[in-house]
Amino acid sequence: MPFKKIVISTWLKKVLLEKYQQKAELLITPVNDKIFYCETARQSDTLRVCFLHHDYDWKGYEDGIKAVRKVIAQGYNLQLVVFGEKLADPQGLFDSAGFDFEYHYRPTRERLRKIYCSCDIFLCPSWYEGLGMPAMEAMACRCSLVTTDTGGCLDYAIDEQTALVSAPRDVTGLSRNLIRLLEDEALLKSLSENG
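Attention shifts here to the side chain of Thr148. Structurally, Thr148 is set in strand β7 (residues 144–148). Judged by its relative accessible area of 0%, Thr148 is buried. A distance of 2.3 Å separates a polar side-chain atom of Thr148 from the backbone oxygen of Ser126.

What follows deals with the environment of Met136. In this structure, Met136 sits in helix α5 (residues 133–140). Here the alpha-carbon distance between Met136 and Thr150, two residues 14 residues apart in the chain, equals 13 Å. Not counting residues up to four positions away in its chain, the partners in contact with Met136 are Ile28, Thr29, Val31, Leu131 and Tyr156.

Attention now goes to the pattern of salt bridges. Following the criterion strictly, the structure yields six salt bridges and no others. A salt bridge links Lys34 to Asp33; the nearest nitrogen and oxygen atoms lie 4.0 Å apart. Take Lys34 and Asp33: they sit in the same class, and that class is exposed. With a shortest N-O distance of 3.0 Å, Lys59 and Glu129 are connected by a salt bridge. With a gap of 70 residues between them, Lys59 in the loop between β3 (47–53) and α2 (61–73) and Glu129 in the loop between β6 (121–124) and α5 connect regions that are remote in the sequence. Side by side, Lys59 and Glu129 carry an identical accessibility label, which is buried. When salt bridges with common partners are traced through the structure, they connect Glu110, Arg113 and Lys114 into a single cluster.

Here the phi dihedral of Arg142 falls at roughly 75°; this positive angle occurs in a residue that is not glycine. Along the chain, the position of Arg142 falls in the loop between α5 and β7. When its relative accessible area of 37% is taken as the criterion, Arg142 is described as partly exposed. Phi angles above zero are rare outside glycine, and Arg169 is one such case at about 65°. With respect to the element layout, Arg169 can be found in the loop between β8 (163–166) and α6 (171–183). A relative accessible area of 54% places Arg169 in the exposed class.

For the rest of this paragraph, the subject is the sheet that holds strand β5 (residues 102–105). Across a sheet, strands are paired by hydrogen bonds formed along the backbone, either parallel or antiparallel in direction. Taken together, six strands build an open sheet; the order of strands is β5-β4-β3-β6-β7-β8 and the sheet is parallel. With one partner strand each, in any of the chains shown, β5 and β8 form the two edges of the open sheet. Looking at each pair of strands side by side, their axes are set apart by 20° on average, direction ignored. The pairing of β6 with β7 spans four bridges and is parallel. Of the residues in β7, the one forming a bridge with Phe122 is Leu145.

Each value, and the rule that gives it
- Residues numbered from 1 in each chain as written.
- Predicted model: local features only at pLDDT ≥ 70, side-chain atom pairs only at ≥ 80, totals over all residues.
- Heavy atoms only, no water.
- Helix = DSSP H or I, 4+ residues; strand = E, 2+ residues; numbered from the N terminus.
- Buried < 20%, exposed > 50% of the residue type's maximum accessible area, 1.4 Å probe, protein only.
- Polar contact = N/O pair within 3.5 Å; in protein donor to acceptor, adjacent residues only side chain to side chain.
- Contact = heavy atoms within 4.5 Å.
- Salt bridge = Lys/Arg side-chain N within 4 Å of Asp/Glu carboxyl O.
- Pairing = 2+ DSSP bridges.
- Axes fitted to C-alpha atoms, helices over the stretch in contact; angles between N-to-C directions.

Have a look at this one:
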């Protein structure tokens, strides 16, 4: 159709041009800073890692659990915080993970902001994302970002500057980047501030 196309990431603009020979305007969806912000820095000895549960395989939930499991198996202490819209009873998630974690079912925006603000790291194990709003919201709430190269995230996830980025489906890369932040407080703080 002869309509003007608008995309939400540089990656999607490139896909549209290369695969379909269609030009598009870029409009990156902004984070609402009236909803997602952080008033005070977190103070705790145990770092909290947050990520999204979703039933779609490409959201990488299983990869995220495997990465966290690898980190814990190497003797690191962290608290996992998971939120999602698909499961009121998380017992199956706990059983498949092999450990308990904090779970929030369908949090409101205000509750989600508080969840992000209570965490130090946001883990995004998706295989691809058009943009990736949860990661951006978490960054606005001062979480340091550990993500895969989802395509869409590259507009805000600059490796070693605003995030630690690994390849999609690379569980070892995700766990290695989590460990880097667990071991390096200066890097954790730098990514939080730059993000």
